[in-house]
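Report on the structure
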Amino acid sequence: MNKTIYDKRNISMMMDLYELTMANGYMSEKDRNDYVTFDVFYRKNPDIGGYAIFAGLEQVIEYIEQMHFDQDDIDYLRSLHLFSEEFLEYLKTYHFKGDIFAFKEGTIMYPNEPILTVHAPLIDAQLVETAILAEINHQSLIATKASRIVRAARGRAVSDFGARRAHNMDAAVYGARAAYIGGCVGTATVLAGQMFDIPVSGTMAHSWVMYQEDEYTAFKKFAEMYPDDSILLIDTYDVLNSGVPNAIRVAKEVLEPMGKRLKGVRLDSGDLAYLSRKVRQKLDEAGLEDAIIVASNSLDEYTINSIMDQGGCIDSYGVGERLITSKSDPVFGAVYKMAEAEKDGQRIPKIKISETVEKITNPGRKKVYRVYDEEGKAVADLLTKYDEKPIDTSKRYRYVDSKKPWKNMHYEHYSVKELQHQVIKAGKRVTNPVPLKEIRQYVADQIHNEIWDSELRFDNPHEHYLDMSPSYYEMKMDLLYKSQKNNEEED
Ligand SMILES: Nc1ncnc2c1ncn2[C@@H]1O[C@H](COP(=O)(O)OP(=O)(O)OP(=O)(O)O)[C@@H](O)[C@H]1O
Ligand SMILES: O=P(O)(O)OC[C@H]1O[C@H](OP(=O)(O)OP(=O)(O)O)[C@H](O)[C@@H]1O
Ligand SMILES: O=C(O)c1cccnc1
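Residues numbered from 1 in each chain as written. Chains lettered and ligands numbered in written order. Predicted model: local features only at pLDDT ≥ 70, side-chain atom pairs only at ≥ 80, totals over all residues.

Pairing within the open sheet is mixed, and its six strands lie in the order β17-β16-β21-β15-β14-β18. Of all the strands in the sheet, the pair left with one neighbour each is β17 (409-411) and β18 (415-418). Going from strand to strand, the sheet's axes swing by 40° on average, the running direction of each strand aside. Where strand β16 (residues 397-401) lies against strand β21 (residues 465-468), two bridges are found, and the strand directions are antiparallel. Its bridge partner lying in β21, Asp401 is registered against Asp467. (Pairing = 2+ DSSP bridges. Helix = DSSP H or I, 4+ residues; strand = E, 2+ residues; numbered from the N terminus. Axes fitted to C-alpha atoms, helices over the stretch in contact; angles between N-to-C directions.)

What UniProt calls "domain: Nicotinate phosphoribosyltransferase C-terminal" (unreviewed entry) maps, in this numbering, to residues 365-476. Regarding residues 365-476, the helix share stands at 23% and the strand share at 35%, and the terminal C-alpha atoms are separated by 12 Å. (UniProt positions renumbered as here; feature names shortened; annotations may be inferred.)

So, on to the site of ligand 2. Lining the immediate environment of ligand 2, one finds 16 residues, of which Phe161, Ala205, His206, Gly320 and Glu321 sit closest. Among the residues forming the shell around ligand 2, the class breakdown is four nonpolar, seven polar and five charged. (Near = placed C-beta within 6 Å. Nonpolar A, V, L, I, M, F, W, Y, C, P; charged D, E, K, R; others polar.)

On to the nonpolar core, then. The biggest cluster of nonpolar side chains holds 125 residues, and the ones touching the most others in it are Ala146, Ile149, Leu232, Ala247 and Val250. Of all the elements, helix α7 (residues 129-152) adds the most residues to this core, at 11 residues. Not counting chain neighbours up to four residues away, the residues in contact with Ala247 comprise Phe219, Leu232, Ile234, Leu262 and Val265. (Core = buried A, V, L, I, M, F, W, Y, C linked by C-beta atoms within 7 Å. Buried ≥ 20, exposed ≤ 12 C-beta atoms within 10 Å, placed from the backbone. Contact = placed C-beta atoms within 7 Å.)

Structure (structure tokens):
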């Protein structure tokens with residue numbers, strides 16, 4: 001079989017040109033083998049929500065481990081007339097040499113905390129920026145959207161129907177992965193099912209009904225072929241006057257004589273709350289109480305919430321375009337910022353100052369903890385310096401609320417969990433891939449057991465606290481003060 005351009009491409013080249021032009025420049029830095037630290041973080045939750053889900057880590061690890069440049073790549077880069085021969089030679093044997101620490105995939109996360117940290121020689125740390133951000137931004141966005149949609153469905157199943165509306169094939173397949181992590185029960189996308197062991201399912205398209213001489217024949221042929229698995233699309237002509245009566249007739253005339261039950265029907269247009277109630281009534285009257293009603297048509301958490309409020313009788317939602325593109329808020333916005341650089345054996349914290357307070361970064365290598373109350377609810381996240389002594393939870397702990405730093409604040413009767421774990425050591429993975437089902441369960445467990453309800457609500461959710469240890473806060477303030485002083489001296 002011919003290899004397509006998709007299979008032949010070298011994903012190591014999936015980076016912005018400036019990563020390479022900077023790396024080429026770093027070749028002549030005498031300290032280029034010293035380590036630097038970059039943090040990945042994001043600034044606001046999608047859809048003005050109260051949380052997000054960290055997804056895409058496995059693809060980051062795979063990218064890092066495979067990094068290499070083939071002769072074709074070197075030839076192409078040479079043709080750009082931007083790079084020294086020394087740099088091109090260096091790329092020929094390139095592999096990533098640094099360390100990566102990250103939240104476990106599926107961890108609930110909040111703005112402005114380091115969800116992934118790269119600690120690596122300067123060139124290595126720079127080259128991986130684009131791919132890390134692309135993977136984390138995409139899958140975290142879709143996992144978060146899926147989680148919102150699944151919660152709106154209040155226990156009804158949600159399936160990913162998005163492939164055809166995704167921005168391309170990768171977006172469809174990795175989007176299906178992320179949607180499953182976020183709580184979808186499965187996907188219609190066969191390649192995603194095959195690649196990631198996600199349950200696949202489906203119904204039928206309007207073309208099946210339109211191609212046959214009439215709706216009844218279409219339903220009959222399908223039911224004969226798939227007697228255990230027929231979900232009949234009932235809205236091609238007239239849901240209540242034709243679709244439902246034909247579905248009931250097939251259940252009675254075709255399936256019952258085979259000893260089978262009709263699995264269900266699908267609605268794909270009209271007022272889904274009203275129609276589903278009517279359809280339910282008619283199916284029940286015909287003794288088909290166990291037949292399910294699937295609904296689709298440009299659904300998202302807002303329409304599903306509304307349909308649920310209206311008493312819609314829908315057992316399963318198929319959600320496509322608004323999930324796979326996160327249509328209502330399509331940019332996750334995670335960034336990659338330098339936090340620290342080593343020079344002559346000294347660790348120097350770096351801070352990015354901005355006129356906008358939200359854009360001032362959290363400097364230095366750090367640790368991030370989730371703090372739990374006695375009931376196991378996550379009350380806050382906490383940043384400390386990397387080398388602070390471990391937190392002794394038998395004692396009350398003084399922290400700084402960075403929005404109200406003058407207040408004297410303490411945690412009492414609490415426990416903590418460190419959120420970052422090493423996933424790459426000297427360029428090699430040090431954690432096994434986690435089965436997707438486990439990641440999905442981990443997300444569900446946090447949502448059901450750990451997260452405050454006030455963070456889960458769609459309107460005006462509670463903003464999760466990001467606290468700081470006193471010495472971390474002091475270090476940040478000191479850097480801000482020094483940088484202001486330097487600026488004043490320059491003026
Ligand atoms: N009862 C309902 N409450 C809230 N939203 C609904 C309800 N029923 C359907 N919707 C949503 O309203 C929108 C209706 O869109 P649209 O007008 O395109 O559908 P339609 O009437 O079925 O037309 P078409 O046949 O072209 O799909 C969809 O996003 C659908 O999910
Ligand atoms: O609306 P979404 O959330 O994106 O869900 C996927 C949509 O894709 C299909 O429609 P399409 O018109 O592509 O094909 P069809 O003829 O099978 O309805 C399906 O019927 C859904 O309406
Ligand atoms: O199986 C279905 O019903 C389906 C799958 C993808 C898109 N729309 C519908």
